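So the chains spell out like this:
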Amino acid sequence: MSCRSNALSAQHRLTAHFDRLHRFCQEHTLWEDYRPLTERMNDEELANMAICLCHQVDKAMAKYLERKDREFTTEGGIRERMTAARLGQRETQRQTIERQAAEIEALRKENARLKEMLKEAGLFG
């Protein structure tokens with residue numbers, strides 16, 4: 001990869017210095033961690049650190065987009081998820097209504113049975 005600008009050369013990926021810088025960039029996310037380094041670095045080192053961070057952001061964004069793509073294909077978009085949620089709610093309501101209707105019917109039968117027993121005992125007219 002040729003990343004030359006103003007006669008600055010890109011650090012070769014096989015150097016120990018690059019490995020340390022790459023590892024540092026992977027492990028640190030706060031500006032406070034970088035501030036002391038930037039004050040000691042020359043232009044070339046700063047440029048290489050910036051390139052390293054750009055590559056890491058690019059890789060993280062690519063993984064994020066891949067995950068979002070998988071989520072979209074498996075779960076659908078917002079409209080599909082909203083529709084599914086509404087249909088799920090309606091199904092839950094339908095099941096509740098059916099359960100309550102069955103319970104009401106059972107109570108009616110029990111009520112009729114008890115009335116019949118009271119009639120037979122002569123306690124209900």
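For the structure itself, look to the data block above.
Residues numbered from 1 in each chain as written. Predicted model: local features only at pLDDT ≥ 70, side-chain atom pairs only at ≥ 80, totals over all residues. Heavy atoms only, no water.

A. Representation of the overall build of the protein. When helices and strands are counted, the protein shows four helices and zero strands. Moving toward the C terminus, one meets the helices and strands of the protein in the order α-α-α-α. Counting only residues that meet the buried cut, the protein has 12% of its 125 residues in that class. Long-range contacts, defined as pairs at least 24 residues apart, comprise 48% of the intrachain contacts of the protein with a sequence gap of at least 6. Of the roughly 10,600 Å² that the protein leaves accessible, carbon and sulfur atoms contribute 56%. (Helix = DSSP H or I, 4+ residues; strand = E, 2+ residues; numbered from the N terminus. Buried < 20%, exposed > 50% of the residue type's maximum accessible area, 1.4 Å probe, protein only. Contact = heavy atoms within 4.5 Å. Areas by Shrake-Rupley, 256 points an atom, 1.4 Å probe, with all protein chains shown as cover.)

B. Region of interest: helix α3 (residues 43-75). Spanning 33 residues, α3 covers 47 Å between terminal C-alpha atoms, matching the ideal 48 Å at 1.5 Å per step. For α3, the full list of buried residues reads Asn48, Met49, Cys52 and Gln56. Measuring from the backbone nitrogen of Glu44 back to the side-chain oxygen at the start of α3 gives 3.0 Å, which picks out Asn42 as the cap. Trailing α3 by a residue or two, Gly76 shows a phi angle of about 85°, which is positive. (Expected span 1.5 Å × (residues − 1). Polar contact = N/O pair within 3.5 Å; in protein donor to acceptor, adjacent residues only side chain to side chain.)

C. Spotlight on the packing of aromatic side chains. Under the criterion given, the structure shown has one aromatic pair. Centroid distance Phe24 to Tyr34: 5.2 Å. Interplanar angle 85°. Geometry classified as edge-to-face. Here Phe24 is found in helix α1 (residues 16-27), whereas its partner Tyr34 is found in helix α2 (residues 31-40), with ten residues between them in sequence. Neither residue differs from the other here; Phe24 and Tyr34 are each classed as buried. (Phe/Tyr/Trp six-rings, centres within 6.5 Å; stacked < 30°, edge-to-face > 60°.)

D. Geometry of the pattern of salt bridges. Tallied over the full model, the rule gives five salt bridges. Glu71 serves as the salt-bridge partner of Lys68, at 3.2 Å between the closest nitrogen and oxygen. In this pair, Lys68 and Glu71 both sit in helix α3, three residues apart, roughly one turn of the helix. Put simply, Glu91 and Arg94 hold a salt bridge, and the shortest N to O gap is 2.1 Å. (Salt bridge = Lys/Arg side-chain N within 4 Å of Asp/Glu carboxyl O.)

Everything listed here is a matter of coordinates, which is why it stays silent on function.
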